[in-house]
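# Notes for the structure review
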Amino acid sequence: MNDATTAELTLPIEGMTCASCVNRIERFLVKTPGVETASVNLATETATIRYLPALADRDRLVGAIESAGYDVRTRPAAVPGVAPTLADAFSADDLDRAYESRALLIKAVASIVVAVLIMIAMFAPQSAVGLTDLNRLIILPATFIQFWAGGRFYRAAWRAARHGTTNMDTLVAVGTSAAWAYSVVVTLWPGIVESAGMEPVTYFDSATIIIGLVLLGRWLEQRAKSRTTGAIRGLIGLSPTTARIVRDGVDAEVALETVQPGDLLRVRPGDKVPVDGVVIEGGSAVDASMLTGEPIPVTVGPGDEVIGATLNTTGTFVMRATRVGRDTALARIVELVQRAQGSKAPIQRLADRIAEVFVPVVIVTASATFVIWFLAGPEPRLTYALTAFISVLVIACPCAMGLATPTAIMVGTGRGAEAGILIRGGEALETAQRVRAVVFDKTGTLTQGRPSVVDVVVAVGHTVAEILDMAGALEKGSEHPLGAAIVARAHRDELGFGAVSGFDALAGGGVQGTVAGETGSHAVIVGSRRMLDERGIDVRGLDDAAAAAEAAGRTVAYVAIDGAAAGLVSLGDPVKPTAADAVRALTEQGLEVWLITGDCRTTAEAVARQVGIRDDRIEAEVRPADKAASIERLQSRGLVVAMVGDGINDAPGIAQADLGIAIGTGADVAIEASDITLVGGDPRSVAASIALSKATMSVVRQNLGWAFGYNIVLIPVAMGILYPAFGIALSPALAAGAMALSSVSVVTNSLRLRGFDARRTVHSGHAAAIAAGDGVG
């Protein structure tokens, strides 16, 4: 389905506790007419839905979630006349989670305190109070905790039961209810157990400590999850709250949300650039490291673009606002990071499929355990059977399974955003770590992308001024960087202002048209040698000059006037200082590095030599439309291929590649077009992004291994497999503690990625660490 006919909506969900909740909500959403895809993230507690507005709307989607047994968190109403700021929605979610976290902690502490007091009372000398009387004293606080602190489990389990399903709350509710109900019977009718020859022992302490530890685990888990959003919080915090607007020559400080496109803003030394815009007066050095990760400030002057939230260092300048509010580069980056953190990696599907049947299987397993212990266990059989039943239910809660992948993706994508690496989602992360070949474009990727005219060579009968005048006038209609360089050189000599008609740009070839000059109108072509050869224009007289320029790594643009070769323009585009380091880092990872460019072979080889790309991995004079075929040839060898380009001219190659990487600034359209966008334009970030993906997926595999291994090992222990040989049985309290530890350990392991320094690892040449997906510190 065409994306133009679809819409995307993100809804915050309440009541999710484990991977089975995620799977259930997704199934209900996907079954809703008009919904194309639905991805539910347990870590962010959101559902991202792509749907057809003609068939579905927000109310219907909310209804589907409610039908699954869950609630959609309401957003605060907008204040009339006040534009929402970037942080509004995020702050509202923070407040909701802070309130919920506080409630969890209060109930967890109360439950644990009551449980400890019950244990002290149970083990204290009972000469003054008999066991039956003691149980009657304990029943009141235990029952209060069961339904006050444990009420959330009953509500969630009841919602699931009404829709014919189960979740981890079902396990906790059934397990603690069994312990509490048995204890109530023993307390109120002790004769029933005494007649069976058993002591009237209760399990109020087990029920309350389980509730307390599970709630404490969720509180710790929520605290840890809140740290995974630190990258977004940090990005939002970059935005200033005010701007200095210039009106009628007078400066006035105004709230940022009141700034409109077209407003003039003054930025003084030490100020943050308030919004995206263009410098119209003055100049300075702007530090964009908070967005790009590049520490060296960039000099800006009239005509240069500046990005909101970057830091002005030395001078003062006046800028015209071009993008404000949610249209700024920072807002789009935050939106992209939020979308990535709410995405799901393909590896998560395994956990989702298992979670779908996991809870029912656990209930059956726990019931079978009870029966086996009751029929064949030692005395007191009922006590052992009940203990094993509760332990299996509690220890098997699959919350760690649901958190394993999304928490790692949240931290990994957030860490990337802090380094100027914008990763589109979990699928891109998973693909990046499998890349085996990286294809670079040349102009603007390995080179600065700001070429300048180095030399002009003319054929007999023509002059440099004539070449610059004709070529400069024609190239005004071109958007290519080489064309812009020719126009700039012509305008410097006050040339290139002639009227042009019949302009035509040929992708990967050049431009042609009719230019009106002092001597009349002339048919002019500016382009590659192949373009002129195809039109039968003889350029052999310029071969020596072209060869010398190409040997120096320059690009040559031929100029033909009225069907004859008139000269050539030699353009230099310096290689980026970090390009050789980038190629070296990728090569050390064992990746094939290719250069595919529309430039001539000689120029391509000169650039490749400077950056360290092998001659047999160069494809030159490749049209944009043919780059896809070049990448397809690499894919036919079984290689997973990443294409690195500017996201516009290289669109066919990026679309064909398994992973599209756009190098540009935060304001580029490439942010929306690629799988990964490198905000700062440093090619070393290609290796850094692959290193980050390897580290993230390594953590994902560790998390899933822990989550699955935990259940595989401890469920049999809870069932009592060690009892016949070693006399070891797992108590419900230890089961609750282990379950809580499982979730917290998964989230904590993911948080290790916050210490991952991909740039340090790549820049220092630690290829072995990168290849292993290490670098977390």
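In what follows, the structure referred to is the one given above.
## Topic: the overall build of the chain
- The secondary structure content of the chain amounts to 29 helices and 26 strands.
- Here the chain, with 777 residues, has 54% of them falling under the buried criterion.
- For the chain, the share of sequence-separated contacts (at least 6 apart) that also reach a separation of at least 24 residues comes to 70%.
- Taken as a whole, the chain presents about 31,900 Å² of accessible surface, with 58% of it coming from carbon and sulfur.

## Here's the deal with the sheet that holds strand β18 (residues 510-517)
- Pairing is antiparallel in the open sheet, where six strands are placed in the order β16-β21-β20-β19-β18-β17. At either end of the open sheet lies a strand with only one pairing partner, and these are β16 (452-458) and β17 (500-506). Sheet twist, expressed as the mean angle between neighbouring strand axes with direction ignored, is 20 degrees.
- Pairing of β17 with β18, which is carried by five bridges, proceeds in the antiparallel orientation. Looking at β18, one finds that V500 is bridged to V515.

## Examining the sheet that holds strand β12 (residues 311-312)
- Here three strands make up an open sheet; going across it, the order is β10-β9-β12 and the pairing antiparallel. The open sheet terminates on both sides in strands that have one partner only, identified here as β10 (298-300) and β12.
- Of the pairings in the sheet, the one linking strand β9 (residues 284-287) to β12 comprises two bridges and is antiparallel in character. Note on β12: the bridge partner recorded for V286 is N312.

## Thoughts on the pattern of salt bridges
- Applying the stated criterion across every chain yields a total of 18 salt bridges.
- With a shortest N-O distance of 2.3 Å, R529 and D543 are connected by a salt bridge. Note that R529 is positioned in helix α18 (residues 529-534) and D543 in helix α19 (residues 543-551), a separation of 14 residues in sequence.
- For D581, the salt bridge identified is with R584, shortest N-O distance 2.6 Å. Linking D581 with R584, this pair stays in helix α20 (residues 579-588), spanning three residues, or about one helical turn.
- On the basis of relative accessibility, which here comes to 45%, the residue R584 falls in the partly exposed class.
- The structure contains a network of salt bridges with shared partners spanning R489, R492 and D493.

## Here's the deal with the packing of helix α16 (residues 464-475) against helix α17 (residues 481-492)
- Running from amino to carboxyl end, α16 crosses α17 at an angle of 130 degrees, the nearest separation of the two axes being 8 Å. Here α17 runs oblique to α16, going by the angle between their axes. For the element pair α16 and α17, the recorded crossing hand is left-handed. Taking contact as the criterion, the partners of L468, A471, G472 and E475 in α16 are, on α17, G483, I486, V487, R489 and A490.
- Of the residues that constitute the contact of α16 with α17, the class distribution is five nonpolar, two polar and two charged.

What counts, and where the lines are drawn
- Residues numbered from 1 in each chain as written.
- Predicted model: local features only at pLDDT ≥ 70, side-chain atom pairs only at ≥ 80, totals over all residues.
- Heavy atoms only, no water.
- Helix = DSSP H or I, 4+ residues; strand = E, 2+ residues; numbered from the N terminus.
- Buried < 20%, exposed > 50% of the residue type's maximum accessible area, 1.4 Å probe, protein only.
- Contact = heavy atoms within 4.5 Å.
- Areas by Shrake-Rupley, 256 points an atom, 1.4 Å probe, with all protein chains shown as cover.
- Pairing = 2+ DSSP bridges.
- Axes fitted to C-alpha atoms, helices over the stretch in contact; angles between N-to-C directions.
- Salt bridge = Lys/Arg side-chain N within 4 Å of Asp/Glu carboxyl O.
- Parallel < 35°, antiparallel > 145°, perpendicular 65-115°, else oblique.
- Left-handed = near helix turned anticlockwise from the far one by under 90°.
- Nonpolar A, V, L, I, M, F, W, Y, C, P; charged D, E, K, R; others polar.

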